[in-house]
Amino acid sequence: MEQKFKPAKKGDSFGPSWVGFQIHVSVTIPEYWEQYERVQFEFDPGCEAMIYDVDGTPLQGITGGFGGDRRVEYIIPMEARMKGTHEFIIESSCNGMFGVPWNGDTIAPPDMNRYFALSSADLVVPNQEAWHLLWDFSTLREIIDSLPGNSSLQNKALVVANEIMNTFRSGDASDIRRCRKLAETVFGENWQDKGEAIYEGDKQAQIWGIGHCHIDTAWLWPYRVTQQKVARSWATQIDLMERYPEHRFSCSQAQQYKWLKELYPPLFDRVKEQVLARKFHPVGGSWVENDSNMPSGEALVRQFVFGQKFFMENFGIRCETAWLPDSFGLTGAYPQLIRGAGMKYFFTQKLSWNNINVFPHSSFNWVGIDGTQVLCHMTPVDTYTAQASVGDIQKGLTNHKNLESSDTSLLVFGNGDGGGGPLAKMLENLRRIRATNNHSRDLPPINMGHSVDEFFEHLMESTAAGKKLPNWHGELYLEFHRGTYTSHGSIKKGNRHSEILLRDVEHVATLASIAKSTEYTYPKGKIDECWEKVLLNQFHDVLPGSAIGMVYEDAEKLYAEVAKDGKSLIEEAFQVLFPNSVLLSPETRLQPNTSLNQIIGYNTTFLDRREIVKIPLDGASAGLKTAVAQVDNNNNEVGYAIMDNGVLDASIANGLDLHASAYTNGSNHFVLRNSSVQLTISNGRITSLIDVQLHRELIADGATGGLVIFEDRPNYWDAWDVEIHHLETPTALEFTNISVVAHGPLRASVQAQVKYGKSTIKVLISLDAVGATVKPGSRSMFRFDADVDWRERHQFLKFELPLNIHNDNAYYETQFGYVQRPTHKNTTWDMAKFEVCGHKYADLSEYGYGLAILSESKYGFSCQGNILRISLLRAATAPDAEQDQGEHQFSWAVMPHKGHFLESDVPMAAYLFNSPLHVRYLPGDKDAIAASFTNHPSFVIRGAPNVFLETIKRGEYDDFDTSSSNVDSSTTIIARLYEAFGGHARATVAIGDHFSGRVVRVVVTNLLEDEEEDEEVQILDENDLGPVLKLDFRGFEVKTLKLTLQEKASIRTQQTSQKIKKVTRRSSWVDIDGSRLVTRED
Ligand SMILES: [Zn+2]
């Protein structure tokens, strides 16, 4: 390290916050210290630090200060002591374990100007016997404090502790020895000589101890500080493993392993050694410990695909236990996704934070929305950062909710959230507790030296594969942190828009790579880079909006990179499919005489669609102009036309049956109307919403809809929580300055404004002359495009509609399906769901009719009685003092529909609302490929409107080596489909012209794209559709298809010689509710 150092001494101050310092330390060790068992350097910089050897290999972490995380001692290696001198480097970082909060309140915004004083830098010979006596006494005291007073062990510990106090007079060596001997009355004679063998013996353990270190990938500190935390914490654990052979350490989040690999390669090698020795256990199988409310279904799949792939490539293993102890509620889609990602077990604990109801189970079968189950353990210790105290061990049993079916618990111990992990004192404490266990029945027996997977295997075996355990159906809703669906609007938008953009990139790039394999290679590496950024930002304190402002600067930057790279990737792929084409915008300059068919709409969804598009008129041919049925009010160089499945069609506009129009009385009354629906704004509020065809008023009698604002003052966790009392303070906001800005016939719009406090909310409300979808009878939707300058604090902005519709439940989209939640407060469980997470839609329906609110970037909804609401903006002040201040653009839509939600086209409309058509201008003639892609979708689903095609991508393990550009046996396409309404389906999937002749084999795989036996799908020929696949779905089932392609010429010769790796079927979909699903064993 070629750097200039200046002398430093105790008392020196280092800062400001987040700055790093390197301290070069040389120590001279007196020769006569050879006699001592241990020599250590105690270094306390008041903040976090890392010790490196002079070659830059990380040795261990330091946590200064006086919290329970304190770890300031570095044991001088014996070789150095023999040599008499030792040199090392300390890198300190001016932040504490929990960042640098103002006034020490954990969630206060950071103090950016904090300085830390170096309080110790001493070479020390610790008195090891005294150190052990400290832990002897500490364990005795915990026994006294935690056990009931009428137990013999508690009494014995009390007597012994008292005797130790009486014996420890001068504190000299002989006193200490005698005191330690007294402690053996409780721990057993010579217990310490056994070392880690103390855990041997035939005690049936009830508490399974596993070391863990929860490192929030960003929270009260930014990502780059986490990278250091990972290295510090894990180096420390490896050091502990060497001293305590029973120590096992589990750690999740492939992203953290990847950072370690890139930034601290020698330490990564040491971790890898311990992973291979089965002492350091990767768990979770995911990229980060993600939020599980808001990521899309596909994003949750990718969390596992990227996570499991990293663990397989680097350690040759896949995780078996999914691990989300700290995520703010868990979607009912998870059991199926966990099983599909090669895992069987799930560990969590956050629901112990519920602020209304106590979750009733500890070990249970979690049954997802599709009926798939996983074995779940929610530790009765109620924490993933246990201190391994006697109280924790007691709680493992006394707080277990279903002891009748299982009496084992996982003790996940070690400092965390900001990293650290187990300390030596915890391992010492556990040895003493087990020593006590060995001859006492008053403490639950604890074991060590096992993995989390082994704990679950034991649980599985001891409960007849889970059959003895209770079941929990559906989502694990966290009755807390309900504000996180809304906090930090820009991050929510970044997430949704990135997910959709990457879906489109993969779709178009896949088709381009197949259509023109000689000139275009699927950009797998670049797509993966984008995905890694999106997956990283889904971390459970980033996407929920509960991190400090610095984190959002980083997250916004990552989303901006994804947007830029994603747009250039999709543009490159479009250039392959449609050479020389450009994305059409009102500013595009058309060449003279541009014709109708030179403007195309590329549809990345599987749904037929009809919509209004904007066309520049300068350069348009007479034919193109016939398609334009309306000229823009503000810019007469731009017109509106109807695009039908991506094709401009003049005849539809001419024969229009849904003329949209806008009326005003010139002052305070505005109406948007077509022949399907009509919306009235009177005196600034939505006073009427009518289904014109049914003459049905949808707004409840005497009520009005529109924007509404609530006081939002949670009890403590500001960015996290919105509390039930906010509902008591609604203020209805009135639209003002309303004007008609488009009169129809294709689009009618009014522009409105709301001034509230220091904020300005502009909303453009539009109605188009098309149905929400192409389903016959589909009503039109009202689109709300908001442009907000938000300057409030502790206010919650929502949009609401009080409806003339009654149902005890409302529907909200979740990953790969929906979830129903109550609209009433019958029980405390119902009451708790006063603010909930939804994805692209929320719906209130009754027999015959319903209404949905669609969202393109918001995730918070509620339905209180008949009032359906979408949550738009919050304004918390901690841990980010500036949360959501400034400009926001977002949209939502109001979609009435004939028929109940289950018969409706709401999920389809919501899908389209989130997936804009790619309208492109092709200046020249189309080549054959362009023509084919213009007119034919690549996959068509028939016979099952409830089956959705979510993803088209190239196979994860395809060979993208640019030197081999031909389509060969390694060319695969992955198509992921799911059933969206919760019922069975038999779908016919037609394979489009673009590769129909080349698909030689189709198999159903798991989410990781592993082939399984007997899952080959026959390719059938159907007269009007060509090659088709017949697929059966159960409700909410997610199906992954792998299509293997070959060049037409080589199909026959290669077909028979295929050797594709198969995995044996996992024991999947074990169903505890009887025979509805098939039980299969390994
Ligand atoms: Zn966390």
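Since the model is a prediction, treat every value here as computed from it, not as a measurement.

Moving on, we come to the environment of Trp366. Mapped onto the elements of the fold, Trp366 is located in strand β15 (residues 363–367). Distance in space between the C-alpha atoms of Trp366 and Gly474 is 7.6 Å, their sequence separation being 108 residues. Within the structure, the side chain of Trp366 is placed 2.6 Å from the backbone oxygen of Gly474, a separation counted as a polar contact.

Another aspect to go through is the coordination of the zinc ion. The coordination sphere of the zinc ion, as far as protein atoms go, consists of His214 (NE2), Asp216 (OD), Asp326 (OD) and His540 (NE2), spread over 1.9 to 2.1 Å. Classification of the site at the zinc ion rests on its four donor atoms, whose angles at the metal span 87 to 160°, yielding the label irregular. Site description for the zinc ion: donor spacing in sequence, H-x1-D-x109-D-x213-H. By relative accessible area, Asp216 is classed as buried at 0%.

Before going further, it helps to examine the nonpolar core. For soluble globular proteins, the rule of thumb is that nonpolar side chains tend to be buried together. One finds Leu707, Phe799 and Trp892 to be the most contacted residues of the largest nonpolar core, which totals 239 residues. The biggest single contributor to this core is helix α15 (residues 549–577), with 13 residues. Within the second largest apolar cluster, 39 residues are counted, among which are Val160, Trp191, Tyr244 and Leu423.

On to the packing of helix α2 (residues 128–146) against helix α10 (residues 390–398). Between α2 and α10, the least distance of the axes is 8 Å, while the angle of their chain directions is 40°. The pairing of α2 with α10 is recorded here as oblique in orientation. For the pair α2 and α10, contact is made by Thr139, Glu142, Ile143 and Ser146 and by Val390, Gly391 and Gln394, respectively. Broken down by class, the residue content of the contact of α2 with α10 amounts to two nonpolar, four polar and one charged.

The next subject is the confidence of the model for the protein chain. Of all residues in the protein chain, 96% have pLDDT values of 70 or greater, and the mean over the chain is 93. When the criterion is pLDDT under 50, residues 1051–1082 qualifies, and its contacts beyond four places in sequence or with other chains add up to 72 contacts.

Further remarks concern helix α7 (residues 265–276). Over its twelve residues, α7 runs 16 Å from end to end, which matches the ideal 16 Å to within 8%, given 1.5 Å per residue. Considered for burial, the residues of α7 that qualify are Leu267, Phe268, Arg270, Val271, Gln274 and Val275. Buried residues of α7, seen end-on, are gathered within an arc of 160° and therefore sit on one face of the element. Along α7, the residues that are exposed and aim more than 90 degrees away from the buried face are Glu273 and Leu276. Against β5 (58–63), α5 (223–243), α6 (254–263), β12 (280–282) and α8 (297–315) lie the buried residues of α7.

Strand pairing within a sheet occurs via backbone hydrogen bonds; the two strands may be parallel or antiparallel. The strand order across the open sheet formed by five strands is β26-β27-β28-β29-β30, and the pairing between neighbours is antiparallel. Strands with a single pairing partner mark the edges of an open sheet, and in this sheet they are β26 (661–664) and β30 (696–697). Inspection of the sheet shows strand β28 (residues 677–682) paired to strand β29 (residues 685–691) by six bridges, in the antiparallel sense. Residue pairing across strands places Val677 opposite Asp691, the latter belonging to β29.

For the rest of this paragraph, the subject is the sheet that holds strand β43 (residues 860–864). The antiparallel open sheet is built from six strands, whose spatial order is β32-β31-β37-β44-β43-β40. Lying at the two open borders of the sheet, with one neighbouring strand each, are β32 (730–732) and β40 (836–837).

Under the local residue numbering, the UniProt record ascribes the feature "domain: Glycoside hydrolase family 38 central" (unreviewed entry) to residues 479–559. Within the segment residues 479–559, helix and strand shares are 64% and 0% respectively, and the terminal C-alpha atoms sit 30 Å apart.

What the rule picks out here adds up to 58 salt bridges. As a salt-bridge pair, Asp644 and Arg610 come within 2.9 Å of each other at their nearest N and O atoms. Here Asp644, found in strand β24 (residues 638–644), pairs with Arg610, found in strand β22 (residues 610–616); they are 34 residues apart in sequence, far enough to count as distant. Judged by its relative accessible area of 34%, Arg610 falls in the partly exposed class. Ionic pairing is found between Arg874 and Asp712, a salt bridge with its closest N-O pair at 2.7 Å. With a gap of 162 residues between them, Arg874 in the loop between β44 (867–873) and β45 (886–898) and Asp712 in the loop between β31 (706–711) and β32 connect regions that are remote in the sequence. We classify Asp712 as buried; its relative accessible area is 1%. A network of salt bridges, in which partner residues are shared, links Lys309, Lys524, Asp528, Lys953, Glu956 and Glu1009.

Another aspect to go through is the environment of Ser120. Relative to the helices and strands, Ser120 is located in strand β9 (residues 120–124). What makes Ser120 buried here is its relative accessible area of 11%. Spatially, the C-alpha atom of Ser120 lies 25 Å from that of Trp221, the residues being 101 residues apart in sequence. Among all residues touching Ser120, those that are not within four sequence positions of it are Lys10, Glu42, Phe43 and Asp44.

Under the defined criterion, the tally for this structure stands at 58 aromatic pairs. Pairing Tyr223 with Trp259 gives two aromatic rings, centres 6.1 Å apart and planes at 55°, and the pair type is tilted. Here Tyr223, found in helix α5, pairs with Trp259, found in helix α6; they are 36 residues apart in sequence, far enough to count as distant. With a relative accessible area of 8%, Trp259 lands in the buried category. Between Phe311 and Phe315 the ring centres are 6.4 Å apart and the planes differ by 20°, which places this aromatic pair in the stacked class. Taken together, the residues Phe311 and Phe315, both in helix α8 and four residues apart, mark about one turn of the helix. Per residue, the accessibility class of Phe311 equals that of Phe315, and both read buried. Across from the ring centre of Trp221, 4.3 Å away, lies the NZ or CZ of Lys229, which sits over that ring. Over the face of the ring belonging to Phe796 we find Lys798, whose NZ or CZ atom lies 4.6 Å from the ring centre.

One pass over the full model with this rule turns up zero disulfides. Cys837 provides the cysteine sulfur closest to Cys863, a residue in no disulfide bond, and the two sulfurs are 16 Å apart.

All right, on to the environment of Ile681 then. Within the secondary structure, Ile681 is located in strand β28. When the C-alpha positions of Ile681 and Ile76 are compared, they lie 77 Å apart, and in sequence the two are 605 residues distant. Ile681 has contacts with Asn668, His669, Phe670, Ile686, Phe735, Ile738, Val750 and Ile765, leaving out every residue within four places of it along the chain.

Reading the values: rules and limits
- Residues numbered from 1 in each chain as written.
- Predicted model: local features only at pLDDT ≥ 70, side-chain atom pairs only at ≥ 80, totals over all residues.
- Heavy atoms only, no water.
- Helix = DSSP H or I, 4+ residues; strand = E, 2+ residues; numbered from the N terminus.
- Polar contact = N/O pair within 3.5 Å; in protein donor to acceptor, adjacent residues only side chain to side chain.
- Donors = N, O, S within 2.8 Å, 3.2 Å for Na, K, Ca; no water.
- Tetrahedral: all angles 85-135°; square planar, octahedral: opposite > 155°, others 65-115°.
- Buried < 20%, exposed > 50% of the residue type's maximum accessible area, 1.4 Å probe, protein only.
- Core = buried A, V, L, I, M, F, W, Y, C linked by side-chain atoms within 4.5 Å.
- Axes fitted to C-alpha atoms, helices over the stretch in contact; angles between N-to-C directions.
- Parallel < 35°, antiparallel > 145°, perpendicular 65-115°, else oblique.
- Contact = heavy atoms within 4.5 Å.
- Nonpolar A, V, L, I, M, F, W, Y, C, P; charged D, E, K, R; others polar.
- pLDDT = per-residue confidence, 0-100.
- Expected span 1.5 Å × (residues − 1).
- Arc of directions from axis to C-beta.
- Pairing = 2+ DSSP bridges.
- UniProt positions renumbered as here; feature names shortened; annotations may be inferred.
- Salt bridge = Lys/Arg side-chain N within 4 Å of Asp/Glu carboxyl O.
- Phe/Tyr/Trp six-rings, centres within 6.5 Å; stacked < 30°, edge-to-face > 60°.
- Lys NZ or Arg CZ within 6 Å of the ring centre and 35° of its normal.
- Disulfide = S-S within 2.5 Å.

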